[in-house]
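Chain by chain, the residues:
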Amino acid sequence: MEHIRTPKVENVRLVDRVSSKKAALGTLYLTATHVIFVENAPDTRKETWILHSQISTIEKQATTATGCPLLIRCKNFQIIQFIIPQERDCHDVYISLIRLARPVKYEELYCFSFNPKLDKEEREQGWMLIDLSEEYKRMGLPNNYWQLSDVNRDYRVCDSYPTELYVPKSATAHIIVGSSKFRSRRRFPALSYYYKDNHASICRSSQPLSGFSARCLEDEQMLQAIRKANPGSDFIYVVDTRPKLNAMANRAAGKGYENEDNYSNIKFQFIGIENIHVMRNSLQKMLEVCELKSPSMSDFLWGLENSGWLRHIKAIMDAGIFIAKVLVEKDWISFGHKFNHRYGNLDGDPKEISPVIDQFIECVWQLMEQFPCAFEFSERFLIHIQHHIYSCQFGNFLCNSQKERQELKIQERTYSLWAHLWKNRADYLNPLFRADHSQMQGTLHLPTAPCNFMYKFWSGMYNRFEKGMQPRQSVTDYLMAVKEETQQLEEELEALEERLEKIQKVQLNHTKVKSKQSEPSKQSGFSTSDNSTANTPQDYSGNMKSFPSRSPSQGDEDSALILTQDNLKSSDPDLSANSDQESGVEDLSCRSPSGGECAPSEDSGKDRDSDEAVFLTA
Amino acid sequence: MEFSELIRTDRAQAELRRGPEAAPLRGTLCVTGHHLLLSPGPQSTPDLWLLLLRSVDSIEKRVAGDSGTITLRCKDLRVLQLDIEGAEATLDIARSVEALSSLESVITSFPFFYRPKGLRLGDAWHFHPPERYYKRVARETNAWRLSEVNEDFSLCPSYPRAVIVPRAVDDDALSRSARFRQGGRFPVLSYHHAPSGTVLLRASQPLSGPQKRRCVEDEELLRAVLAGARPGARGIIVDTRSSHAAKQARMTGGGTEAKAVYPGWKRLHRPLERGRPLQESFVCLVEACGDKEQSMDRWLSRLQGCRWLAHVKEALSTACLAAQGMEREGACILVHGAEGMDSTLLVTSLAQLILDPLSRTMTGFQELVEREWIQAGHPFQLRCAHSAFSHARPKHEAPTFLLFLDCVWQLGRQFPLSLEFGEGLLLALFEHAYASPFGTFLCNSEKERCLCEVRTRTHSLWSGLNQPKEQRKLWNPLYVLNPLAIWPSVEPQSLRLWQGLFLRWTRPPEPAEEAWEKVWQIVTESQKTEGSQPTVSA
């Protein structure tokens, strides 16, 4: 709390992102965990909540006649602009947020104070939800070729790997340790995915420290052991995800790649996924495009291409379509993805931040777009995961390795996101999912030809706070409602039939049964409710204006925030999808002043056609 | 019959390849007056493959040794390849197809011979007459009347016989106004928006010319429109040309409405692309979609370079502007460009979809297409003579109607529950506008259709589409009546390439089909459950 210079500023304006003419007047609060903006409008008192950990950058802009603008960009791609009347207040808020958004200790993160009022047992269960050994069992491990190794007990070999690792049976501890010494950060080749149908496996490791000529016998034996673990295959592919140039450059630093001459029966392949620095810049550029106010189609497409983002997405997809099928938990978390460094949850080197997980999530979305029936979860699931990677509300994505997480006792001190998502799993289901689909075909068959045009810009993610840009009606929600109602009706039907049977038994005395009585409530819940939301008067500004990015905590817990109002429903971040039904009005006036200013125009003595020019600027 | 002279060889052995996914088909290839047929050998199923020759857009032949290959690029953007035995046969068949697919005579075209089972001639031609729309307008307001001033098409050859005009203006004034408008297209009612009491009109440009001529009756007509709406109503003229282009048009006898003599009306210019640039944009996009070798970056820059999505954005925003003027500002809207047969219709028809819930139903939309495109005189025969593959220099071709369908698709994507019809209907309309066994899209105007007796001698597409077997493809199972205006977002982030059309033959169709099937399944299951209440048998 000592970092909050001013807890409350009045008469602040929240600027509408699309139409800068519109702004909501209200009060800005700073709490230990959130920035909260409460609108003055007495009927709504709409609230906008921003978690400190979501803040990516804060920009104090030049003071104008109306006040001092403060621009906040969030990691979940929300952009918020406040105008604070007094420069001094603005400065105080700015300085406070700079500090609050960059905690220096893990303990300052929200997950250590977040308390969803679950008892100890429930919390522990939450952490048990995803059990890696179960995952391995599902893959058919251990078996004759692969075994669980305890070589990394107490993180003796590699501190960024988990303690439990699968390695080929023929790989002795000596080979593993030897190999690890020849690898960057000692990340020796270990099993990632095993496909029991054909014994094929995916292993991963870091780059070898080969330099220009160094060799390591144990490392060569290790790869040999992996090859032998698949009796059906004579060789293994070594896939280097870097562009070849980068790998070659690394040799000068004593690192590099496997020399095909030294390793028997390997096939070497570079894939050309750019490094984190390129990716970070690419995302940055794309977000700048998303931020443009009413760009022309040309500006947008040009900017999108120039950012290279979709090209990177495609490169990743090309490289590893199969990775998409591997669960997030196993592949990213247990294997030492540097969450803290890459997501900048703590104050650190900005060069270490990279959107790799964003790219993974987007790749899954691209697959979902191409295969609408293949995933059990919906787009919303991906968006919520992305949100929580940065929210720091749950402990899952903290720290850089399992070792660090254990040292911090994350499991004892924080809650698991998976439990939270599991609790609300109904919200994340894809109604189109076909279970039979995944059983019969298993793998997804992507078009063999490189169909670039299949990759699309994901406005549902990167412009998700500009609700006006999103489809105004949700097919997913509608179908889920239909399904739910069908189920309810079926249950009612069953109950009725039972009752009917009873009645007919008693019918000896009564010849007539009032059938009306037992009629189920016929009004279909979803369709009427759809219309009622659609009927709400359209609000020009409404669509685009501040969406309350509500804290997931609000409403049902967290007494620290006294702001809780009746209208706060417990819901997940921002993402209330049900309000989308209402058809919105695109604010065309920001492109042509036909809006409110269409009043009979005076000719002002100028050229008779002078009013034309104004509309041509569109 | 003249066809036989054009058919050099009427059969050959051939193998048909329909893309990388589908299995090749082998059999006897036959050329008839209107079709290319492939009948597989007697051993296999009598699965006959049939292609309407009219739908061939371009043909490419290659001969090597004693066999040849013909590549057929179709107007629906499909690419087919035929491997034919015999070099001579290949060349003969290619020449025959070339000649037969480019016949210009309307009355020898296939719709005049097409006699499908289960349909009777003349059945659906009275589904959507303009008189029917007038009945609706008459229920809502008394300010308009149905005029038969164009009974013999002498006033305006591209208008239908009956048009809806202000009650206060007599036929005499109409004919004077017609003389003041290009092609005789005087201002007529396109849509009456009952909630605001405003109207949408369309016309062609006034022939003011370099001398800035006037026409008192034309001015009167527009004054009567405002007077009929409500006291003090204002009007907006949406000119679909740039103000520069409009001024230039004066030199050739056209022009714009001078502000001083049309009190209450103001003019907005929203330039929309038409004619050759639009056709080139279409050609360029289809070319980019067919090129599988490009890198991601090339793809985006080509998508930008062909400007198709920019045209979609401009068309939608102009339609929104017109709709907004009516609904939000209570203004009457007159839309015209130069001829008033292309971008004008694009704007008026889209504005109606945005505002009018009825036009978003299956019947309402068919009626809209009939009234605002076919009856309104969009010259389909000229505009859709060739699709994107033709090597011929475009003369009058322009994919204005396709642009309309794309915009409708964008509306459907943004409001997936608000249109009663699905993507299937839009695809069908695209196909049939370019080549069809039905007579609906034949000719350029009602006048021509009357001369050719299209109504009595061909079948209507609407009766073809409304047959029960087509329903799953054409209807949107998610439809829920939305009584409100649907305001689309026209931000670039919200507009997408219509993959279902432009990549229809390049992407594997199964995933999308499965999803559509699943949606139907969920919805019909729910209907079944709702319908299966236990009945009490006393």
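The text that follows walks through the structure, step by step, so that each part is easy to find. (Residues numbered from 1 in each chain as written. Chains lettered and ligands numbered in written order. Predicted model: local features only at pLDDT ≥ 70, side-chain atom pairs only at ≥ 80, totals over all residues. Heavy atoms only, no water.)

**Looking at the environment of Arg73 of chain A**
Residues and elements named next belong to chain A.
1) Next: Relative to the helices and strands, Arg73 is located in strand β6 (residues 68-74).
2) Next: Classification of Arg73 as partly exposed rests on a relative accessible area of 22%.
3) Next: Through-space distance from the C-alpha of Arg73 to that of Gln487 is 43 Å; in sequence the pair is 414 residues apart.
4) Next: Excluding residues that lie within four positions of it along the chain, Arg73 makes contacts with Gln54, Ile55, Ser56, Thr57, Glu59, Gln78, Ile79 and Glu291. (Helix = DSSP H or I, 4+ residues; strand = E, 2+ residues; numbered from the N terminus. Buried < 20%, exposed > 50% of the residue type's maximum accessible area, 1.4 Å probe, protein only. Contact = heavy atoms within 4.5 Å.)

**Looking at the sheet that holds strand β11 (residues 198-202) of chain B**
Residues and elements named next belong to chain B.
1) Next: Reading across from one edge, β10-β11-β14-β12-β13 is the order of the five strands in this open sheet, with mixed pairing throughout. Looking at which strands have only one partner, the edges of the open sheet turn out to be β10 (188-193) and β13 (265-269). Averaged over neighbouring strand pairs, the angle between their axes works out to 20 degrees when direction is ignored.
2) Next: In terms of strand pairing, strand β12 (residues 235-239) meets strand β14 (residues 332-336) through five bridges, oriented parallel. The partner of Ile236 across the bridge, within β14, is Ile333. (Pairing = 2+ DSSP bridges. Axes fitted to C-alpha atoms, helices over the stretch in contact; angles between N-to-C directions.)

**Regarding the packing of helix α12 (residues 356-370) of chain A against helix α13 (residues 379-391) of chain A**
All names here are of chain A.
1) Next: Close contact between α12 and α13 brings their axes to 10 Å; oriented N to C, the two are set at 175 degrees. For the element pair α12 / α13, the angle class is roughly antiparallel. On the side of α12, the interface is formed by Ile357, Asp358, Ile361, Val364, Trp365 and Met368, while α13 contributes Glu379, Leu382, Ile385, Gln386, Ile389 and Tyr390.
2) Next: Residue classes in the contact of α12 with α13 are distributed as nine nonpolar, one polar and two charged. (Parallel < 35°, antiparallel > 145°, perpendicular 65-115°, else oblique. Nonpolar A, V, L, I, M, F, W, Y, C, P; charged D, E, K, R; others polar.)

**Details of unusual backbone geometry**
Residue and element names in this part refer to chain A.
1) Next: Here the bond from Leu141 into Pro142 is cis, since omega is -5 degrees, no more than 30 degrees from zero.
2) Next: Here the phi dihedral of Asn11 falls at roughly 55 degrees; this positive angle occurs in a residue that is not glycine.
3) Next: With respect to the helices, strands and loops of the structure, Asn11 is situated in strand β1 (residues 8-15).
4) Next: The backbone of Arg186 sits at a positive phi, close to 60 degrees, despite the residue not being glycine.

**Structural notes on helix α2 (residues 120-128) of chain A**
All names here are of chain A.
1) Next: Of all the positions in α2, only Arg123, Gly126 and Trp127 are classed as buried. Along the long axis of α2, the arc covered by the buried residues comes to 95 degrees, so they all point the same way. Along α2, exposed side chains directed more than 90 degrees from the buried face belong to Glu121 and Met128.
2) Next: Considering only its buried residues, α2 is in contact with α15 (410-413) and α16 (417-423). (Arc of directions from axis to C-beta.)

**Some points on the sheet that holds strand β1 (residues 11-17) of chain B**
Residue and element names in this part refer to chain B.
1) Next: With antiparallel pairing, the seven strands of this open sheet are ordered in space as β4-β3-β2-β1-β7-β6-β5. Here the strands that pair on one side only, and so sit at the sheet edges, are β4 (49-52) and β5 (56-64). Geometrically, the sheet is characterised by an average inter-axis angle of 30 degrees between neighbouring strands, direction not taken into account.
2) Next: The strands touched by helix α2 (residues 87-101) within the sheet are β1, β2 (25-31), β3 (35-40), β5, β6 (67-74) and β7 (79-85), with β5 carrying the most contacts at an inclination of about 165 degrees.

**Some remarks on the state of the cysteines**
1) Next: Counted according to the given criterion, the structure contains zero disulfides over all chains.
2) Next: Of all cysteine sulfurs, the one in Cys68 of chain A lies closest to Cys90 of chain A, which takes part in no disulfide; the gap is 3.3 Å. (Disulfide = S-S within 2.5 Å.)

**Comments concerning the nonpolar core**
1) Next: Grouped together as the largest cluster of nonpolar side chains are 172 residues, with contacts concentrated most on Phe365, Phe404 and Phe502 of chain B.
2) Next: Take this core: its biggest share by element is 12 residues, from helix α9 (residues 308-327) of chain B. (Core = buried A, V, L, I, M, F, W, Y, C linked by side-chain atoms within 4.5 Å.)

**Remarks on a nonpolar patch on the surface**
1) Next: Residues Leu129, Ile130 and Trp422 of chain A make up a contiguous nonpolar surface patch of about 280 Å² in total accessible area.
2) Next: For Trp422 of chain A, the position within the fold is in helix α16. (Patch = residues over 30% accessible without salt bridge, like charges linked within 9 Å, V, L, I, M, F, W, Y side chains within 5 Å. Areas by Shrake-Rupley, 256 points an atom, 1.4 Å probe, with all protein chains shown as cover. Salt bridge = Lys/Arg side-chain N within 4 Å of Asp/Glu carboxyl O.)

**A word on the pattern of salt bridges**
1) Next: Going through the model one piece at a time under the given rule, you end up with 39 salt bridges over all chains.
2) Next: A salt bridge links Arg183 of chain A to Asp219 of chain A; the nearest nitrogen and oxygen atoms lie 2.9 Å apart. Within this pair, whereas Arg183 of chain A is found in the loop between α4 (173-181) and β10 (190-195), its partner Asp219 of chain A is found in helix α5 (residues 217-228), the two being separated by 36 residues in sequence.
3) Next: A relative accessible area of 2% places Arg183 of chain A in the buried class.
4) Next: Residue Asp219 of chain A is classed as buried on the basis of its relative accessible area of 0%.
5) Next: For the salt bridge of Asp218 of chain B with Arg181 of chain B, the shortest nitrogen-to-oxygen distance reads 2.7 Å. One end of the pair, Asp218 of chain B, is in helix α5 (residues 216-229); the other, Arg181 of chain B, is in the loop between α4 (171-179) and β10, with 37 residues separating them in the sequence.
6) Next: According to the relative accessible area criterion, Asp218 of chain B is buried, its value standing at 0%.
7) Next: For Arg181 of chain B, a relative accessible area of 1% corresponds to the buried category.

**Here's the deal with the packing of helix α11 (residues 362-374) of chain B against helix α13 (residues 400-414) of chain B**
Residues and elements named next belong to chain B.
1) Next: In the contact formed by α11 and α13, the axes pass within 13 Å of each other and the chain directions differ by 150 degrees. Our classification of the angle between α11 and α13 gives roughly antiparallel. For the pair α11 and α13, the crossing hand works out as right-handed. Contacts between α11 and α13 pair Phe365, Leu368, Val369 and Trp373 from the former with Thr400, Phe401, Phe404 and Val408 from the latter. (Left-handed = near helix turned anticlockwise from the far one by under 90°.)

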